[in-house]
Protein chains: 2
Amino acid sequence: MKTLFANGYVLIKENDGFTVTDHAYLGVENDRICFLSTQAPTEPFDSVIDMRGKLLMPGLYNCHTHSAMVLFRGIGSDLPLDRWLYEKIFPLEQKLNYEAVLAGSYLAIMEMLACGTVSFSDMYFFPEATAEAVLHAGIKANLTRHIQSEKNIFDRQGIQASLDFYERYDHAGNGRIFVDFSLHSEYACAEQTAREYSRLCYEKGGRMHIHLAETTREYEDCIRRNGKSPVAWFYDCGTFASKTAAAHCVALDENDIRILKENQVSVVHNPSSNLKLGSGFAKIPEMIDQGVTVALGTDGAASNNNLNMFEEMHLAAIIHNGRQQNSMVMNADTVLNMATGIGARLQGRQDCGELKVGNKADIIAIDLSAPHLCPRNDLKSLLVYSAQASDVCMVMVDGKLLYRNGEFLTIDRERVLYNIEKTRIR
Amino acid sequence: MKTLFANGYVLIKENDGFTVTDHAYLGVENDRICFLSTQAPTEPFDSVIDMRGKLLMPGLYNCHTHSAMVLFRGIGSDLPLDRWLYEKIFPLEQKLNYEAVLAGSYLAIMEMLACGTVSFSDMYFFPEATAEAVLHAGIKANLTRHIQSEKNIFDRQGIQASLDFYERYDHAGNGRIFVDFSLHSEYACAEQTAREYSRLCYEKGGRMHIHLAETTREYEDCIRRNGKSPVAWFYDCGTFASKTAAAHCVALDENDIRILKENQVSVVHNPSSNLKLGSGFAKIPEMIDQGVTVALGTDGAASNNNLNMFEEMHLAAIIHNGRQQNSMVMNADTVLNMATGIGARLQGRQDCGELKVGNKADIIAIDLSAPHLCPRNDLKSLLVYSAQASDVCMVMVDGKLLYRNGEFLTIDRERVLYNIEKTRIR
């Protein structure tokens, strides 16, 4: 099966930035991009889709979320952080079950597809349920059976369960699912657990996904508890020997940033969540300047409260300018790269995240007809500063159309909404 | 003509906050709300519109914009502030004409309607063109022929032109257009101009619309030039004797905030623009705590880069939590109030901005069917933290439907887009 997208704009990576090519032809054969040119192909295609007035770009890679937390969207939104967690979220999570997480995962995948996300890095309970939804829906995901326990208990069972999940699901769905190793955070695992599990991750050649230094309080508690920062603690546990995605990284000292850089730990920036919860500002441009790799994520919808990577791109592009009182701190190229190529590589997907021949066909289309995308003075700028996620009109993953003009092509929307109500936890 | 909206959710003001009523009936007769109850009316209505799965709320009041600047959307987006202004925007503005501003005003109105805005406070060139578009489109606007001149020239002509515009357009379109007085800023008018014009505004009982303390540099230049802050300068010119809307207010000292409070000057918060341009953070929650009234605006699309009040509500709700590292600083009620009732009153529209019997029927409907608005745990929270402007599915102004399900009912969309291209300034 060969499909040609004809006459659209295409966002193409070029060195450190992007260019937009007009009247371009992009061909897809099976799961890969097979053609890309401003000249029409001479070879035949099975179907041709007209893309006039639309822009093709790489799909977005959401590198930190807790997808099924959409179930708790908006609950306790305006409570203080501690009361929100201890009075609302934790008691609800105690009641979670497979069916509820399955329903929540489907809902989250619908939302992510509709907002242009083609792959997400998840960390949540009942990951088998999320895997079921991912396999059926056709999206990509880096899943994990994460380690989260009392601080002073060696979580032998958790480690075994995590390894079992890894053996069972890694590379499932023709490689759409990757399984990551995951320690929830310094404050939710014992040192012995972290050391043993990090050693196993390294042995297996795995990727690690952690929460790191989300708040000043976490940083200070860690210093009190361990005599060192969360970054130093994970480093000493051997965690960073593996390729690591560290969500948040708001509360760092200079030595922490040096450790992240030297160990090639990637930071996942979650601006909506960090702002809404009052965690503060991760020093993203400063870290980028020092050579730290930064990807982008939404965090869960309980703290965001959505899974909209266009919103995260927009926030990442403007909040640091405001904080540093300098309009040049971030720019469109930087955040487009964070949300696409950097995210794909962080997930271990080397042949994704960029529109070029030979890469996987993970492609989204932006409908440029809305008034807020007119006139087309600068298309990259429109994507980052003007677009809404609702401008996404098509999502393709591994060459398969999953979403088009508001319709989910692999998910029964009404059934998902029914199951959300049926499995509702109160 | 009597229309009944039946079975929807309705966002109702209650003391300092809002409540959401389900299965409500809201009736409109001519230009006003004539019925609001959870009981169906016994009297007949000419038409009944089913609102199941939708939420009715007051339309949004954009209290600071330069609507026709949509023409320059995205131009020089990633340049430093000075180069953006002096190399890009100012030279383009030299070439503006009536036709271009007319086309730009129509485009801006389309964008604002599609994003749920029912009224906007404008400050830009060729306001007669914007008035023409407003009168035709059916939206509301506070327009002005603002004063903007060399610092040391008494702008007698400008004052006269501004008064002429006031006499000609104030209360046009059955009161949809209000005309405000407007001094661009301290740095763009002479003290004599400001004094004379402020005196005339006070005599006429007018409202004043100004830029105030947008950047630290503006604040410092003003101190150097006048030996006092921009706030103190306007106060001394007598400007604050009239009801004043002051856009930005990023660079204020404690004395400035006291002056704003004592003179009941309203601040218009423009978070997107302040962040993107690197101006910084207006101390909004601190000002609210001290009793200053704060409304919300988008600023122009050249610096935002859109006219999306849902985005501004979201930013206003989260960025101050981040800055103060406290999740309780802002909340959904506060920003919903800023974007509706406070904005309407600032524009002098006492019978607008709140859904209640007797008020003008300025109503928008939110389609709650998108995945990112599910489940409906907390509707107010959904509106502020989860919604996209694209969830707006209906806009009514003075009882007249202007936008419904993506269609503009009073504006010829294709003609506007054609005119944008035809009048394009390069």
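Up top is the structure.
What comes next concerns the included structure. (Residues numbered from 1 in each chain as written. Chains lettered and ligands numbered in written order. Predicted model: local features only at pLDDT ≥ 70, side-chain atom pairs only at ≥ 80, totals over all residues. Heavy atoms only, no water.)

So, the sheet that holds strand β9 (residues 177–179) of chain A
All names here are of chain A.
- Strand order in the open sheet made by the four strands is β6-β7-β8-β9, with parallel pairing throughout. Strands with a single pairing partner mark the edges of an open sheet, and in this sheet they are β6 (60–65) and β9. Direction aside, neighbouring strands of the sheet carry axes that sit 15° apart on average. (Pairing = 2+ DSSP bridges. Helix = DSSP H or I, 4+ residues; strand = E, 2+ residues; numbered from the N terminus. Axes fitted to C-alpha atoms, helices over the stretch in contact; angles between N-to-C directions.)

Thoughts on the pairing of strand β17 (residues 400–404) of chain A
Residues and elements named next belong to chain A.
- The pairing of strand β16 (residues 392–397) with β17 spans four bridges and is antiparallel. Bridging across to β17, methionine 396 finds its partner in leucine 401.
- Adjacent in sequence and paired antiparallel, β16 and β17 are bridged by two residues, among which aspartate 398 carries a positive phi angle near 50°.
- Note: β17 against strand β18 (residues 407–408), two bridges, orientation antiparallel. By the bridge assignment for β18, arginine 404 is matched with glutamate 407.

So, the environment of isoleucine 288 of chain B
Residues and elements named next belong to chain B.
- By the element assignment, isoleucine 288 lies in helix α11 (residues 284–289).
- We classify isoleucine 288 as partly exposed; its relative accessible area is 30%.
- Along the primary structure isoleucine 288 and valine 267 are separated by 21 residues, whereas in three dimensions their C-alpha atoms are 9.7 Å apart.
- In this structure isoleucine 288 touches Val294, Met330 and Thr334, once residues within four positions along its chain are discounted. (Buried < 20%, exposed > 50% of the residue type's maximum accessible area, 1.4 Å probe, protein only. Contact = heavy atoms within 4.5 Å.)

Overview of the interface of chain B and chain A
- Taken together, the contact between chain B and chain A spans 65 residues of the former and 65 residues of the latter.
- Roughly 4800 Å² of surface becomes buried between chain B and chain A when both sides are summed, with 55% attributable to carbon and sulfur atoms.
- For the interface between chain B and chain A, the tally reads zero salt bridges.
- In this structure, the connection of chain B to chain A is made through 37 residue pairs in polar contact (both at pLDDT 80 or more).
- Of all the secondary-structure elements, those providing two or more residues to the side of chain B that touches chain A are α2 (98–114), α10 (271–276), α12 (309–324), α14 (379–386) and α15 (413–422) of chain B. (Buried area = accessible area lost by both parts, 1.4 Å probe. Salt bridge = Lys/Arg side-chain N within 4 Å of Asp/Glu carboxyl O. Polar contact = N/O pair within 3.5 Å; in protein donor to acceptor, adjacent residues only side chain to side chain.)

Some details on the relation of the copies chain B and chain A
- Mapping chain B onto chain A calls for a rotation angle of 180° and an axial translation of 0.0 Å; the resulting RMSD is 0.0 Å. Here the transformation between the copies is reduced to the relation of a two-fold axis. Within chain B, serine 390 of chain B has its C-alpha nearest the rotation axis, a separation of 3.2 Å.
- A shared interface surface links the copies, since 100% of the contact residues of chain B are contact residues in chain A too. (Least-squares fit on C-alpha atoms with pLDDT ≥ 70 in both.)

Observations regarding unusual backbone geometry
- Cis geometry is adopted by the peptide bond preceding asparagine 305 of chain A, which originates at asparagine 304 of chain A and carries an omega value of 10°.
- Mapped onto the fold, asparagine 305 of chain A is located in the loop between β14 (294–296) and α12 (309–324).
- Put simply, cysteine 374 of chain A and proline 375 of chain A share a cis peptide bond, and its omega is -10°.
- Within the chain, phenylalanine 126 of chain B stands out as a residue other than glycine whose phi angle is a positive 50°.
- Within the secondary structure, phenylalanine 126 of chain B sits in the loop between β7 (117–122) and α3 (127–137).
- A positive phi angle, near 45°, is found at glutamine 325 of chain B, a position not held by glycine.
- Taking relative accessible area as the criterion, glutamine 325 of chain B reaches 44% and is therefore assigned partly exposed.

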